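# Residue-level structure breakdown
What follows is the residue order along each chain.
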Amino acid sequence: MARSVAKPGRQPASGGPSMPYDPANSESRWQQAWDQAGTFVARRDERPKYYVLEMFPYPSGRIHMGHVRNYTMGDVVARYKRAQGFSILHPMGWDAFGMPAENAAMENGGHPRDWTYANIATMKQQMKPLGLAIDWTREFATCDDDYVAQQQALFLDMLDAGLIYRKAAVVNWDPVDMTVLANEQVIDGKGWRSGEPVERRELTQWFFRITDYADELLDALDGLDGWPEKVRLMQANWIGRSRGVQLRFDTVNAPDFPGIEVYTTRPDTLMGASFLSISADHPLAKSLESDPAIAAVAAEARRTGTSEEALEKAEKIGIDTGIRVRHPLDPSRELPVWIANFVLMDYGTGAVMGSPAHDQRDHDFAVKYGLPILAAFGERGATRAQADAAVAAQPFTPPKSEPVTYVRGFAGEGDQTGDQTGEAAVDAAIAHAEAQGYGEGVTRFRLRDWGISRQRYWGCPIPVLHCDTCGVVPEAKANLPVLLPLDVSFDVPGNPLDRHPTWRDATCPGCGGAARRETDTMDTFVDSSWYFARFTSPHATTPTDAADADYWMNVDQYIGGVEHAILHLLYSRFFARAMVRTGHLPAKASEPIAALFTQGMVTHEIYQTRDDRGRPVYHLPEEVSGGKLADGTAVEVIPSAKMSKSKKNVVDPVDIVTRFGADTARWFMLSDSPPERDVEWTASGAEAASKFLARVYRLAEETGAAPDAPDRNAPDRDDPDLTRAAHRAIDEVTRALDGFAFNKAIAKLYELANAVGRSQASGEPRRAVMRIVAQLMAPMVPHLAEDVWALSGGQGMAVDAPWPTADAAALVQDSVTLPIQINGKRRGEITVPAAMSPADVEQAVLADEAVQRFLNGQPPRKLIVVPGRIVNVVA
RNA sequence: GCCCGAGUGGCGGAAUGGUAGACGCAGCGGAUUCAAAAUCCGCCGCCGCAAGGCAUGUCGGUUCGAGUCCGACCUCGGGUACCA
């Protein structure tokens, strides 16, 4: 419907009816235009390349606002870099294996494969209208047969290179459902479906030797300049390189176990050791299980979940085994050996030294079981009695760099006491242990090898066979891919691969005899550890293509949630090294991600009322208006909560795009919060974004219509203020985009649009500025930018226009206003020529009336002039 | 428990150690309109008539000057190796 929108005075006299901003129509039109031009198909050419990647989505069923935010940010980078002349790789795929598909099959029937591909189709259809500059020709899902084939080929090469091995590891076992549970399926130590306490159970599983690269993964963090410092810190702490000592405690009364090996980073507290604790799975503990009391505690200890969190938070339990060990520094002391539930056989030696005076966990344990608490050291100057008294109620754990007073020598009773830092004492203790032969200094890592075996169906099959003659044998590459059987059911718990009638049967590539397939599948983190490499040549018949990988690697900008700061990103860093080693990536790709940005979540208010029994009842945003329901009931508003279906505080991107258009959704997602922080979706904010975009469209229409005015032959009115504003905006928006400050870029665009609205400039000068507006907005709102570009006389498409550059001359200011502080408080200001010397500024300031009043005739004690910034008078 | 973050008006936020609150939302006032919507213009941290004072989670410190740096704490969020 046509209507006039032009302001009085700028009304196009002869102009036809203007069209209102109509994103539904124009957005799909521009998307078709880009498609037809093949604008976003990545090409290897003479331009410098730029690889932008957002963490690919799990196909859960529908896209959500978090996806919109994530992909919009990547899209801004892709379009901005494209305008700057880079050849862009900006692909999209699907992290398609995983538990939700199996859960859906269990709950609603159907097959995980069908569920997954249907979800992918839906989500792709939902993403398309966002107008993302994605090369869809490279799309793949990790559950595609082809991806499975290449991943299995990688596995075999890594196996061949010695990067993969098998060992026993514990899992959460649900004794009722007879199945392995994921950590998230263990709630308060009980299985999520059965409600029964889970047990720890040992299984032989496949491991990647990520610890081979522990040193390198840690040291290389220093070079990752484009990564957030917090992520590098988290990874460094996770890898956790520590220097300590492996100590041997000789047993007194266990002839079959002459010694127990213990690793500690605090050998300086050895004199404070009052017990050893061992895992219930330690061989020594297992040998004692004929004792019913020990068996009971061991069984109880095995009932704790396997997660570190569960382990650390669980009530500490233990039992004295009756076994005694001799203290290495004092043969007259015998220490008891306890079984404890917080020690896992998987980590280290399965035994730890208890120094309750200097460790919170050991202290808790010692208090609970009445074990002695002996201080190795105390506050500086403390006597032994004082130090012991101080640790009775709580452990003393100062930083290792802090000097303390050792009250029991760390090299023996009364030997090497006195003031030391923990660091120095640890060094001395290690030296002493080595000299005396009761231990040796070792560097160890917190990082453990990466267990990839999953007792689940919907994952990439591990391509190995079990042969009675040859043992464990890799599948022949010619037989890849090993694909999942499709005729499976999920009506009984457990892994359908295990109970499939024929799938396991295979021929041994070694001896040609009968063999059984491995029924474990790979951790889905394997899939996501190399997908970025696969995007460089998604259709290659090998995992990667050397020329493509060489051109496109590395990822120049990776964008995703901080929840992946450790596992996904560390595994990817490891995988890249493994792929370099096996010849699938060039050496330069061993750090595959040059820059990382972690974006915040999208949140929304929760609207809550209470039922008769005081339980919360949640209401959808559209049911609430003005803080009330339709029937007038007031709702309680809980701000900034993560969007979740159960809390009903969700906004569907499809609804938003239908109602406002993609550009509004994109604009609001970027405008309201800095990208690394959470953003709260608000209806009013979305409406404001929509209004602003409509206003920009109107401005473009008005300026575009200007030549049709009757005075078209009169000279154009220029407006130096507007030109200056435009160049300042170019400068500021460019710097904001470079710094990932999308919200600031948008604030600058508001300012520029306001300047255009105020300006009296006419005709071409105005249109020139509107073309700059179009270019600067294009990365954020690409469809509107095309409209504005076309309306203001731009040639071709805005998407193909090179990024504008600011005219330095237009940015210079001739005078500056300096605030005047007196004793640090703002008391006035002074406007001086920008080039005025500090000495002249001082004179001008001292002449200032407000300054004279404060100084009251006295000379100032100090006068600080920060050129161009501020003046501070100290009276 | 442990590791890592974040906290600024009624709200989202801005601020190379240099005027705290850019820009936007909400609110208030005005213009336009028969009326409304839409649009346009103006005001808008708190207390105070004003002078002025108080304000960046809390408490201390460094500095001519601290939202920004240092120390301790509080609250919320992420991770914690089988959720992705």
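To keep things clear, this report deals only with the structure shown in the data block. (Residues numbered from 1 in each chain as written. Chains lettered and ligands numbered in written order. Predicted model: local features only at pLDDT ≥ 70, side-chain atom pairs only at ≥ 80, totals over all residues. Heavy atoms only, no water.)

Where helix 21 (residues 683-705) contacts helix 24 (residues 763-777), the axes come no closer than 9 Å and their chain directions differ by 145°. The crossing of helix 21 and helix 24 is left-handed. Listed contacts from helix 24 to Phe692, Leu693, Val696, Leu699, Ala700, Glu702, Thr703 and Gly704 of helix 21 are Arg766, Arg767, Met770, Val773 and Met777. Its residues placed into classes, the contact of helix 21 with helix 24 shows 8 nonpolar, 2 polar and 3 charged. (Axes fitted to C-alpha atoms, helices over the stretch in contact; angles between N-to-C directions. Helix = DSSP H or I, 4+ residues; strand = E, 2+ residues; numbered from the N terminus. Left-handed = near helix turned anticlockwise from the far one by under 90°. Contact = heavy atoms within 4.5 Å. Nonpolar A, V, L, I, M, F, W, Y, C, P; charged D, E, K, R; others polar.)

Throughout the structure, instances matching the rule amount to 1 cavity of 30 Å³ or more. Along the walls of the largest cavity sit Arg79, Arg82, Ala83, Gln775, Ala778, Pro779, Ala798, Val799, Ala801, Pro802 and Trp803, which together make up its complete lining. The biggest single contributor to the lining of the largest cavity is helix 2 (residues 65-83), with 3 residues. (1 Å grid on protein atoms, 1.4 Å probe; cavity = no way out; pocket = protein on both sides within 12 Å on 5 of 7 lines; lining within 4 Å. Points joined across faces, edges and corners; volume = space filled by probe spheres on them.)

The next subject is the pattern of salt bridges. Tallied over the full model, the rule gives 44 salt bridges. With a shortest N-O distance of 2.7 Å, Glu139 and Lys124 are connected by a salt bridge. One end of the pair, Glu139, is in the loop between helix 4 (112-127) and helix 5 (145-160); the other, Lys124, is in helix 4, with 15 residues separating them in the sequence. Look at Lys124 and you get partly exposed, because its relative accessible area is 25%. Note that Glu216 and Arg577 form a salt bridge whose closest N and O atoms lie 2.8 Å from each other. Placement of Glu216 in helix 6 (residues 214-219) and of Arg577 in helix 18 (residues 567-581) is noted, with a sequence separation of 361 residues between them. (Salt bridge = Lys/Arg side-chain N within 4 Å of Asp/Glu carboxyl O. Buried < 20%, exposed > 50% of the residue type's maximum accessible area, 1.4 Å probe, protein only.)

All right, on to the pairing of strand 28 (residues 616-619) then. Strand direction decides the pairing type here: strand 27 (residues 602-610) and strand 28, joined by 4 bridges, are antiparallel. Bridging from a neighbouring strand, Arg610 pairs with Pro616 of strand 28. Between strand 27 and strand 28, which follow one another and run antiparallel, lie 5 residues, and Gly614 among them has a positive phi close to 80°. (Pairing = 2+ DSSP bridges.)

Side chains Val464 and His466 of strand 20 (residues 464-467) all project onto a buried face; the interleaved residues Leu465 and Cys467 project onto the opposite face, where all are buried too. Sheet topology note: the strand 20/strand 21 (residues 471-474) ladder contains 4 bridges and is antiparallel. Residue pairing for strand 21: His466 is matched across the bridge by Val472. Counted between consecutive antiparallel strands, the loop separating strand 20 from strand 21 contains 3 residues. Bridging between strand 20 and strand 23 (residues 514-517) involves 3 bridges; their strand directions are antiparallel. Its bridge partner lying in strand 23, Cys467 is registered against Ala515.

The tally for this structure, following the rule as stated, stands at 39 aromatic pairs. Between the aromatic rings of Trp667 and Tyr750, the centroid separation amounts to 6.1 Å while the plane-to-plane angle is 55°, which identifies the pairing as tilted. Here Trp667, found in helix 20 (residues 662-671), pairs with Tyr750, found in helix 23 (residues 742-758); they are 83 residues apart in sequence, far enough to count as distant. These aromatic residues form a ring-pair network of at least three members: Phe155, Trp206, Phe208, Tyr213, Trp450, Phe525, Tyr571, Phe574 and Phe575. Between Arg166 and the ring centre of Trp206, over which it is positioned, the NZ or CZ distance is 5.5 Å. (Phe/Tyr/Trp six-rings, centres within 6.5 Å; stacked < 30°, edge-to-face > 60°. Lys NZ or Arg CZ within 6 Å of the ring centre and 35° of its normal.)

On to the sheet that holds strand 34 (residues 870-874), then. Overall, mixed pairing links the 4 strands, which are arranged 32-31-34-33 in an open sheet. Strands at the two margins of the open sheet, each flanked by one partner only, are strand 32 (825-833) and strand 33 (862-866). The mean angle between the axes of side-by-side strands here comes to 20°, regardless of whether they run parallel or antiparallel. Two strands pair when backbone bridges link them, and strand 33 and strand 34 are joined in this way by 5 bridges, in the antiparallel orientation. When the bridges of strand 34 are listed, Val865 appears paired with Val871. Contacts between helix 27 (residues 838-847) and the sheet are confined to strand 31 (815-822), strand 32, strand 33 and strand 34, with strand 33 contributing the most and set at about 125° to the helix.

Moving on, we get to the protein's contact with RNA strand B. Lining the immediate surroundings of RNA strand B are 65 residues, of which Glu308, Arg456, Asp672, Lys744 and Asn872 lie closest. Backbone sugar and phosphate groups make up 64% of those atoms of RNA strand B lying within 4 Å of the protein. Here Arg698 contributes a side-chain N or O atom positioned 3.5 Å from a sugar or linking oxygen of RNA strand B. Element by element, the count of residues in the surface near RNA strand B is highest for helix 23, at 6 residues. Class assignment for the residues of the surface near RNA strand B results in 23 nonpolar, 16 polar and 26 charged. (Near = heavy atom within 4 Å. Polar contact = N/O pair within 3.5 Å; in protein donor to acceptor, adjacent residues only side chain to side chain.)

Time to look at unusual backbone geometry. Geometrically, the link from Leu480 to Pro481 is a cis peptide bond, its omega value of 0° lying close to zero. The topology assignment puts Pro481 in the loop between strand 21 and helix 14 (496-499). Phi at Asp188 is positive, roughly 50°, even though this residue is not glycine. Relative to the helices and strands, Asp188 is located in the loop between strand 5 (186-187) and strand 6 (190-191). Although it is not a glycine, Phe740 sits at a positive phi angle of roughly 60°.

Attention now moves to the sheet that holds strand 26 (residues 596-599). Backbone-to-backbone hydrogen bonds pair the strands of a sheet. The strands run either parallel or antiparallel. Pairing is parallel across the open sheet formed by 4 strands, whose spatial order is 2-1-25-26. Pairing within the sheet leaves two strands with one partner each, and these edge strands are strand 2 (87-89) and strand 26. Between one strand axis and the next, the sheet turns by 20° as a mean value, whatever way the strands run. When strand 1 (residues 49-54) meets strand 25 (residues 557-561), the two strands line up parallel, connected through 3 bridges. Its bridge partner being in strand 25, Leu53 is matched across the sheet by Tyr558.

What follows covers the environment of Glu315. Looking at where Glu315 falls in the secondary structure, it is placed in the loop between helix 10 (308-313) and strand 11 (318-327). Note: C-alpha distance between Glu315 and Asp364 (49 residues apart in sequence) is 9.6 Å. Not counting residues up to four positions away in its chain, the partners in contact with Glu315 are Asn341 and Lys368. A distance of 2.6 Å separates a polar atom in the side chain of Glu315 from a polar atom in the side chain of Lys368.

Our next topic: the side chain of His111. In this fold, His111 is placed in the loop between helix 3 (99-108) and helix 4. Polar side-chain contacts of His111 include one of 2.9 Å to the backbone nitrogen of Arg113. Within the structure, His111 has its side chain in polar contact with the side chain of Tyr457 (distance 3.1 Å). Ignoring anything within four residues of it in the chain, the contact list for His111 reads Tyr457, Pro485, Leu486 and Val488.

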